[in-house]
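# Structure at a glance
Spelled out, the chains give:
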Amino acid sequence: MVNRKAGSRGWAARRLSAWLIAAHACAAGGAASAQPTIRLSQDDLQKRANGVLALMSFSIVPDITTSALSIGGGGGTTGSTEFYMTQLGGGDTISKSVPIYLEGVLAGSRYDPTFVASEGLESRKIPTKWNSVSATGGIGWDFKLTDELKLRPIFNVALGNVTSDLRAASWYVGRQTGQDVTFLDKGSLNAYGLGGSLMLDYEHYRPGYEVDVELRYSDIRLKSFASSAAVQGNAIAQSANLWARYRAPTGLTMLQRPLRYVLELTHSEFLGDQRGVLGFDRLTSVGAGLELDSSAYNVFITRTRLVGRYVFGTNVSGFSVGLAVSF
């Protein structure tokens, strides 16, 4: 099951901890041949590090279809896997006279896989917990093509961190190997990303209705830095996204302004290292809701939207309710 929520106009895991456990297993095995060695069924360290960053890429690229994900069960690892991600972000142009576009995204995720470690004929399930946070900023410039169409190149920079909480795993591995497992219990991966996006923004506003359409391509390259000794990785975050919104009055008046209904459509194609890492290559979202206009009053928030959305793709589907505001 996949669920998602959107905070504003803007904008998740497989085998995240295997590489850390594998790293310690390799180190312990080389320390003394008399000590038992714990191994996992999949222990390619480099692939695990790259996989961590590929999953982080879903949270750093502004995309409404992945603004929140909740995936439970299944997965390619032995045992259970669960993944949760949420984003809060937005973007806007400063003004018509100053066509500088600014955007920002804050995201957090949690991944709780269970792996099976084996020592000869003995095996034991190892529960793991990973928490990550990331932030992405962007600055762009609006090039006016027509009165309603703008071309917007954007420079993006991102920072992210994944930290492990493996107390149960470290107890088991430490009991079997007698080694210091501080690395397992407090291992971390830091990453930075540089790249950009290119957006076509169409705004067709009339007294009776409003139409917004955005077509966006993003390409951000992630690379680890200043991380735990055994962790080095990189990933390419690429996606193409089409977003459209239609707003029109319902005929009712609230707060001295028309109460509008809202219709939305979003489709995302995931490219690069994002493609297939969560079991799907694309996501589509359709939504409907209401928008309250508070611009008649001297308040900071001018519009508030409540939208229900259904998202679907290969092997995934879900429903959510999102709250968004405009300033």
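Heads up: these notes are all about the structure in this document. (Residues numbered from 1 in each chain as written. Predicted model: local features only at pLDDT ≥ 70, side-chain atom pairs only at ≥ 80, totals over all residues. Heavy atoms only, no water.)

Attention now moves to the pattern of salt bridges. Counted according to the given criterion, the structure contains 22 salt bridges. Its salt-bridge partner being Lys150, residue Asp142 comes within 3.7 Å of it at the nearest N-O pair. Lys150 matches Asp142 in its accessibility class, with the two residues each being buried. Salt-bridge contacts for Lys150 lead to Asp201; the nearest nitrogen and oxygen are separated by 3.9 Å. With Lys150 in strand 9 (residues 149–164) and Asp201 in strand 10 (residues 188–206), the pair connects residues that are 51 residues apart, well separated along the chain. Each member of the pair, Lys150 together with Asp201, is buried. It is possible to trace a salt-bridge network through shared partners that takes in Glu210, Asp212, Arg247, Arg260, Glu291, Asp293, Arg303 and Arg305. (Salt bridge = Lys/Arg side-chain N within 4 Å of Asp/Glu carboxyl O. Buried < 20%, exposed > 50% of the residue type's maximum accessible area, 1.4 Å probe, protein only. Helix = DSSP H or I, 4+ residues; strand = E, 2+ residues; numbered from the N terminus.)

Residues Phe58, Ile60 and Phe280 are the most contacted members of the largest nonpolar core, which totals 26 residues. Listing elements by their share of this core, those giving two or more residues are helix 2 (45–60), strand 3 (82–93), strand 9, strand 10, strand 11 (209–224) and strand 12 (234–254). In terms of residue count, helix 2 provides more of this core than any other element does, six residues in total. (Core = buried A, V, L, I, M, F, W, Y, C linked by side-chain atoms within 4.5 Å.)

Our next topic: the environment of Pro249. Position of Pro249 among the secondary structure elements: in strand 12. Of the residues examined, Pro249 reaches a relative accessible area of 36% and is grouped as partly exposed. Taking the C-alpha atoms as reference points, Pro249 and Val262, 13 residues apart in sequence, are found 9.0 Å from one another. In this view, Pro249 contacts Gly208, Pro258, Leu259, Arg260 and Tyr261; residues no more than four positions away in its chain are not counted. (Contact = heavy atoms within 4.5 Å.)

Our focus in this paragraph is the side chain of Glu210. Among the structural elements, Glu210 can be located in strand 11. Within the structure, Glu210 has its side chain in polar contact with the side chain of Arg303 (distance 3.2 Å). (Polar contact = N/O pair within 3.5 Å; in protein donor to acceptor, adjacent residues only side chain to side chain.)

All right, on to the side chain of Thr93 then. Relative to the helices and strands, Thr93 is located in strand 3. On the basis of relative accessible area, Thr93 is assigned to the buried category, the value being 15%. Within the structure, Thr93 has its side chain in polar contact with the side chain of Asp142 (distance 2.6 Å). At a separation of 3.5 Å, a polar atom in the side chain of Thr93 contacts the side chain of Arg152. Thr93 has contacts with Val98, Pro99, Ile100, Tyr101, Asp142 and Arg152, leaving out every residue within four places of it along the chain.

Burial of the side chains of strand 4 (residues 100–111) is restricted to one face: Tyr101, Glu103, Val105, Ala107, Ser109 and Tyr111 are buried, whereas none of Ile100, Leu102, Gly104, Leu106, Gly108 and Arg110 on the reverse face is. Relative to strand 7 (residues 130–141), strand 4 is paired through twelve bridges, and the arrangement is antiparallel. Bridging from a neighbouring strand, Leu102 pairs with Ile139 of strand 7. (Pairing = 2+ DSSP bridges.)

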